[in-house]
Amino acid sequence: MRSEDRRVREELVQSGELSEGYAPRMEAIHRRNASRLKQVIAEHGWPDRDLVGDDGTLAAWFIAQHAIGDPEFQRQALRLVQAKVEQGKTPSAQEAYLFDRIAMYEGRPQRYGTQSLPSPDGKYRRWNTEDPERLNDRRAAMGLPPAEEDPAETEPAPETLAEYRKWLRNY
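Residues numbered from 1 in each chain as written. Predicted model: local features only at pLDDT ≥ 70, side-chain atom pairs only at ≥ 80, totals over all residues. Heavy atoms only, no water.

Caption draft 1: Structural context of unusual backbone geometry. Positive phi, normally seen in glycine, also occurs at aspartate 131, with a value near 40 degrees. The residue aspartate 131 is located in the loop between strand S2 (124–126) and helix H6 (135–141) in this model. Looking at aspartate 131, the relative accessible area reads 37%, which means it is partly exposed. (Helix = DSSP H or I, 4+ residues; strand = E, 2+ residues; numbered from the N terminus. Buried < 20%, exposed > 50% of the residue type's maximum accessible area, 1.4 Å probe, protein only.)

Written out as structure tokens, the structure reads:
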């Protein structure tokens, strides 16, 4: 499932379709993968290291991270990942990335500085973070390297935010 997501993403990047909003082909992959992961979770619980090894738990996280059209599933996945992190059966970085992804899509500041959007200068900039002065302390606690310096909490480009908010209303 992860390989298929990456393959389709690359095709869409090459064709320019990915820069035109949430491409229907990408959304279909994300929804199909999330549906399958839900089945796996119902049968076995969250795919942790004991169940599927490091590569398998990474693939499960990747699928949850990309399930942007199913916010409730992402929240459920985050709770499951957090429990597995506490047990030492899933890398804590997966919790950080999923937490930030959900926060960003909910329009809240992120905690670990893992998510970025295009800014007016055309570069990707970190989405707003809570308590930016302590960002690298929080990242270190999750096993993440220090964040590089971005210009002071650069807002994403206005057109990006407008499209983003329009898309969010659908979910």
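Caption draft 2: Region of interest: the side chain of glutamine 74. Note on placement: glutamine 74 falls in helix H4 (residues 71–86). Residue contacts for glutamine 74: discarding those within four places in its chain leaves Ala64, Gln65, His66, Ala67, Ile68, Leu98, Arg101 and Ile102. (Contact = heavy atoms within 4.5 Å.)

Caption draft 3: Fine view of the packing of aromatic side chains. All chains considered together, the criterion is met by 2 aromatic pairs. Between phenylalanine 99 and tyrosine 112, the aromatic rings sit 6.0 Å apart at their centres with planes inclined by 80 degrees, giving edge-to-face as the arrangement. Within this pair, whereas phenylalanine 99 is found in helix H5 (residues 92–105), its partner tyrosine 112 is found in the loop between H5 and strand S1 (116–118), the two being separated by 13 residues in sequence. Taking the relative accessible area as the measure of exposure, tyrosine 112 reaches 8% and is therefore buried. (Phe/Tyr/Trp six-rings, centres within 6.5 Å; stacked < 30°, edge-to-face > 60°.)

Caption draft 4: Spotlight on the packing of helix H2 (residues 24–44) against helix H3 (residues 49–65). Their axes nearest at 10 Å, the elements H2 and H3 cross at an angle of 135 degrees. By the angle between their directions, the pair H2 and H3 is classed as oblique. Relative to H3, the crossing made by H2 is left-handed. From H2, Asn33, Ala34, Leu37 and His44 reach across to H3, where they touch Leu51, Ala60, Ile63 and Ala64. Split into classes, the residues belonging to the contact of H2 with H3 amount to 6 nonpolar, 2 polar and no charged. (Axes fitted to C-alpha atoms, helices over the stretch in contact; angles between N-to-C directions. Parallel < 35°, antiparallel > 145°, perpendicular 65-115°, else oblique. Left-handed = near helix turned anticlockwise from the far one by under 90°. Nonpolar A, V, L, I, M, F, W, Y, C, P; charged D, E, K, R; others polar.)

Caption draft 5: Geometry of the nonpolar core. With 23 residues, the main nonpolar core has Leu37, Trp46, Ala64, Phe73, Leu98 and Tyr112 as its most contacted residues. Listed by contribution, the elements that provide at least two residues to this core are H2, H3, H4 and H5. Other than its neighbours up to four places away in sequence, leucine 98 contacts Trp61, Ala64, Gln65, Gln74, Ala77, Leu78 and Val81. One finds Val8, Ile68, Met104 and Trp127 within the second-largest nonpolar core, a separate group that totals 11 residues. (Core = buried A, V, L, I, M, F, W, Y, C linked by side-chain atoms within 4.5 Å.)

Caption draft 6: Highlighting the side chain of arginine 139. You can see arginine 139 is positioned in helix H6. Buried arginine 139, no salt bridge; nearest opposite-charge side chain is aspartate 100, N-O distance 6.0 Å. The residues touching arginine 139, leaving out its near neighbours within four places in the chain, are Tyr112, Gly113, Thr114, Leu144, Pro145, Pro146 and Ala147. (Lys, Arg positive; Asp, Glu negative; His and termini not counted. Salt bridge = Lys/Arg side-chain N within 4 Å of Asp/Glu carboxyl O.)

Caption draft 7: Representation of the confidence of the model for the protein within the structure. Summing up the model confidence of the protein, the mean pLDDT is 87 and the portion of residues at 70 or higher is 85%. The weakest mean pLDDT in the protein belongs to helix H7 (residues 158–168) at 59; the strongest belongs to H4 at 97. (pLDDT = per-residue confidence, 0-100.)

Caption draft 8: Geometry of H5. The end-to-end C-alpha separation of H5 is 20 Å, in line with the 20 Å expected for 14 residues at 1.5 Å each. Burial runs high along H5: 11 of the 14 residues are buried. Among all positions in H5, only Gln94, Glu95, Ala96, Leu98, Phe99, Asp100, Arg101, Ile102, Ala103, Met104 and Tyr105 are buried. (Expected span 1.5 Å × (residues − 1).)

Caption draft 9: The arrangement of the packing of helix H1 (residues 2–15) against H3 in detail. Direction vectors running N to C along H1 and H3 enclose 50 degrees, while the axes themselves pass 9 Å from each other. Compared by their axis directions, H1 and H3 come out oblique. Every residue of H3 that contacts H1 at Arg2, Asp5 and Arg6 is listed here: Asp55, Leu58, Ala59 and Phe62. Each residue belonging to the contact of H1 with H3 can be placed in one class, and the counts come to 3 nonpolar, no polar and 4 charged.

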